[in-house]
Amino acid sequence: MALTLRRAEERGGANLGWLDSKHSFSFGHYFDPNHLGFGPLRVINEDRVAPGGGFPTHPHSDMEIISYVLDGALEHRDSLGTGSVIKPGDIQRMSAGTGVRHSEYNASKTDPVHFLQIWIAPERDGLEPSYAQKTFTFEDKRGELRLIGSRDGRDGSIVIHQDVSLYASVLLRGESVQHDVSEGRVSWLLVTVGQLTVIGVYVKAGEVLSITEAGQLQISADERAEFLLFYRPY
């Protein structure tokens with residue numbers, strides 16, 4: 001299988017004091033022609049926001065925006081009238097479509113929030129803006145690849161308006177899962193906690209592994225580990 005590893009320290013980033021952000025793909029002032037995205041997956045930012053800090057109200061359009069909290073709590077408000085606090089285990093999807101404005105703030109005045117901001121290009125422009133949020137517990141993800149986002153919302157996953165399947169998993173030391181990459185599809189794996197071994201390749205927190213050939217992945221935890229896996233057409 002064709003595996004390509006990108007180390008955590010190779011990512012771009014920005015540090016604004018209240019925000020420490022690491023960019024897997026080109027974003028903002030960080031530009032790398034070799035890392036513009038992975039198909040419709042356009043942005044993966046690992047953000048740490050200081051207590052009381054956040055992103056003031058700003059616009060988006062024609063993008064699926066997913067927030068996935070790793071630690072702490074993130075407060076979301078948008079022009080659709082939605083207001084919520086996103087915590088570990090939650091996945092939130094906002095379809096910006098024809099246009100929406102939103103803000104994201106650390107919900108705590110004392111503790112930082114650590115989360116992923118994920119942007120996926122939708123299957124078509126001009127969708128009606130919408131919002132959805134679901135919770136997938138530790139037990140839901142323990143020892144398996146749990147589907148948390150998909151085009152058709154199958155298995156209780158959140159709907160993403162693109163042919164992308166998003167899986168989450170929590171593995172304790174020594175546990176493993178398998179993932180079959182079918183002909184004509186590719187995968188992109190991001191470790192969020194701990195360290196994995198994937199077919200002999202060590203992948204630690206903040207690192208990503210792209211898989212661009214068909215075959216079976218054996219994913220094993222070297223220590224307690226959490227990861228996301230994106231699966232899409234080639």
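Residues numbered from 1 in each chain as written. Predicted model: local features only at pLDDT ≥ 70, side-chain atom pairs only at ≥ 80, totals over all residues. Heavy atoms only, no water.

Remarks on the sheet that holds strand S13 (residues 146-150)
Here's step 1: Pairing within the open sheet is mixed, and its 7 strands lie in the order S1-S20-S17-S22-S15-S13-S14. Edge positions in the sheet fall to strand S1 (3-6) and strand S14 (158-159), since each of these pairs with one other strand and no more. (Pairing = 2+ DSSP bridges. Helix = DSSP H or I, 4+ residues; strand = E, 2+ residues; numbered from the N terminus.)

Details of the nonpolar core
A general tendency of soluble globular proteins is for nonpolar side chains to be buried together.
Here's step 1: Leu41, Ile118, Trp188, Leu228 and Phe230 are the most contacted members of the largest nonpolar core, which has 25 residues in total.
Here's step 2: Counting only elements with at least two residues in this core, the list comes to strand S4 (41-49), strand S6 (64-71), strand S11 (113-120), strand S15 (165-171), strand S17 (185-193) and strand S22 (225-233).
Here's step 3: In contact with Trp188, not counting residues within four places along its chain, are Ser24, Phe25, Phe38, Leu41, Ile44, Val208, Leu209, Ser210, Leu228, Leu229 and Phe230.
Here's step 4: Grouped together as the second largest cluster of nonpolar side chains are 20 residues, Leu145, Tyr167, Leu217 and Ala225 included. (Core = buried A, V, L, I, M, F, W, Y, C linked by side-chain atoms within 4.5 Å. Buried < 20%, exposed > 50% of the residue type's maximum accessible area, 1.4 Å probe, protein only. Contact = heavy atoms within 4.5 Å.)

Re the sheet that holds strand S2 (residues 12-15)
Here's step 1: Ordered in space as S2-S3-S4-S11-S6-S9-S12, the 7 strands form an open sheet in which the pairing is antiparallel. Two strands close off the open sheet at either side, each with one partner strand: S2 and strand S12 (130-135). Recorded for the sheet is a direction-independent mean angle of 15 degrees between the axes of neighbouring strands.
Here's step 2: As defined by bridge partners, S2 adjoins strand S3 (residues 19-23) across 4 bridges and the pair is classed as antiparallel. By the bridge assignment, Ala14 is partnered in S3 with Ser21. (Axes fitted to C-alpha atoms, helices over the stretch in contact; angles between N-to-C directions.)

Observations regarding the side chain of Ser103
Here's step 1: Relative to the elements of secondary structure, Ser103 occurs in strand S10 (residues 100-106).
Here's step 2: Setting aside its immediate chain neighbours within four residues, Ser103 contacts Phe55, Pro56, Thr57, Glu75, His76 and Arg77.

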